[in-house]
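Results of the structural survey
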Amino acid sequence: GAGVSQSPSNKVTEKGKDVELRCDPISGHTALYWYRQSLGQGLEFLIYFQGNSAPDKSGLPSDRFSAERTGGSVSTLTIQRTQQEDSAVYLCASSLPTSGGAGAKNIQYFGAGTRLSVL
Amino acid sequence: EDKVVQSPLSLVVHEGDTVTLNCSYEVTNFRSLLWYKQEKKAPTFLFMLTSSGIEKKSGRLSSILDKKELFSILNITATQTGDSAVYLCAVGAGGTSYGKLTFGQGTILTVHP
C-alpha cells in the first residue's frame, strides 16, 4: 500500500474485554513498530519486529499485551482483559530493514493510529 | 534509561513569526535524531540528523544538531496557520535500544492568523 494502514481507527470497549488492533506496513518494509500515545504525552515504545528475528518486547507494559507479525507483513497487537488505563492512541510504524551499521538511522513512517477507549 | 526532553511544551504565535523548538537528549550510543510533525493523526517525518553542525532545510523549516551539547533545534520562519501541530523529537540509538525510537513529550505549536 501507499502508507501504513491501521484498523480500526476507533475502538470502544468495556473493561475486561479483549481487543485486537491491526497494522499493515508499507510494502517492502521489514521492520515494524508499535507505540502508544496517551493524552498529551509523547510516544511510548511497545514492541519492534525486524524480519525473522525475535521481536524486542521490552516496552510492553504488562503480560496482557502481546503482538504477532504473520508472514513478515501484517501485525496484530492484542490487549487482553482491558483496563481503563489502556485507553490511548496505538500507533504503528514501519521502516526499511534496520540490520547493519546504518540500521539505527532508520526513518519510521507512521499510520494514523487506533484510538482505544476502555469504558 | 534513554531520555528526550522538549521545550517549550506549548507555544502560541501569530502568522509571520519565527519560532524555535528545542530538544535535548540523554541517550547511550546515539545514532540519529528525528523530527516529526503530528497534526490530527499520523506523525509525518520532517528531518533526520546524524552529524553535528550540518543544517537540514526544507522550505521554511530547518534543523540542526549539536552532539557535544546533546540538543537539537527546529526553526520555522514566517509561520502559517498550517504549521499548527504537535512537533515531536525522537532519538534512535544502538545497543539494546537498537531499532526503537525514544520520543520527547512534544511541543504544541498554535499559529493564529
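The structure this text deals with has already been given above.
Given the structure is predicted, the values throughout are model-derived calculations rather than measurements. (Residues numbered from 1 in each chain as written. Chains lettered and ligands numbered in written order. Predicted model: local features only at pLDDT ≥ 70, side-chain atom pairs only at ≥ 80, totals over all residues. Heavy atoms only, no water.)

**A few points about the sheet that holds strand β6 (residues 65-69) of chain A**
Strands belonging to one sheet form pairs held by backbone hydrogen bonds; the direction of such a pair is parallel or antiparallel. All names here are of chain A. Rules: Only strands that DSSP links by at least two bridges are regarded as paired with each other. Only DSSP runs of H or I covering at least 4 residues are called helices, and only runs of E covering at least 2 are called strands; the numbering of each starts at the N terminus. Between the N-to-C directions of two axes lies an angle of 0 to 180 degrees, each axis being a line fitted to C-alpha atoms and, for a helix, fitted only over the stretch in contact.
If you trace the four strands from one edge of the open sheet to the other, you get β1-β3-β7-β6, paired in antiparallel fashion. Each of the sheet's edge strands pairs with one partner strand only, and the pair in question is β1 (5-7) and β6. Taken over all neighbouring pairs, the strand axes of this sheet differ in orientation by 15° on average, direction set aside. Note that β6 and strand β7 (residues 75-79) share five bridges and pair antiparallel. Of the residues in β7, the one forming a bridge with Phe-65 is Ile-79.

**Description of the state of the cysteines**
Residues and elements named next belong to chain A. Basically, it comes down to this: Only a pair of cysteine sulfur atoms within 2.5 Å counts as a disulfide in this structure description. In this scheme, a residue with accessible area under 20% of its type's maximum is buried, one over 50% is exposed, and one in between is partly exposed, where area comes from a 1.4 Å probe on protein chains only.
Per the stated rule, a full pass over the model turns up two disulfides over all chains. With a sulfur-sulfur separation of 1.9 Å, Cys-23 is cross-linked through a disulfide to Cys-92. With the S-S dihedral at roughly -65°, the linkage between Cys-23 and Cys-92 falls on the left-handed side. With a gap of 69 residues between them, Cys-23 in strand β3 (residues 19-24) and Cys-92 in strand β8 (residues 88-95) connect regions that are remote in the sequence. Residues Cys-23 and Cys-92 agree in their burial class; the two are buried.

**Quick look at the interface of chain B and chain A**
Where interface size is given, it is often the accessible area lost as the parts come together that is meant. Definition in use: By definition in these notes, contact holds between two residues if any of their heavy atoms fall within 4.5 Å. Put simply, a salt bridge is a Lys or Arg side-chain nitrogen that is within 4 Å of an Asp or Glu carboxyl oxygen. Residues are grouped as follows: Ala, Val, Leu, Ile, Met, Phe, Trp, Tyr, Cys and Pro are nonpolar; Asp, Glu, Lys and Arg are charged; every other residue, Gly included, is polar.
Between chain B and chain A, the residue contacts involve 21 residues of the former and 25 residues of the latter. Counting the contacts that link chain B with chain A gives zero salt bridges. Those elements giving two or more residues to the side of chain B that touches chain A turn out to be β4 (30-38), β5 (43-49), β9 (85-93) and β10 (101-103) of chain B. Examining the composition of the side of chain B that touches chain A, we find that five residues originate from one element, β4(B), more than from any other. For the side of chain B that touches chain A, the per-class residue count stands at eleven nonpolar, seven polar and three charged.

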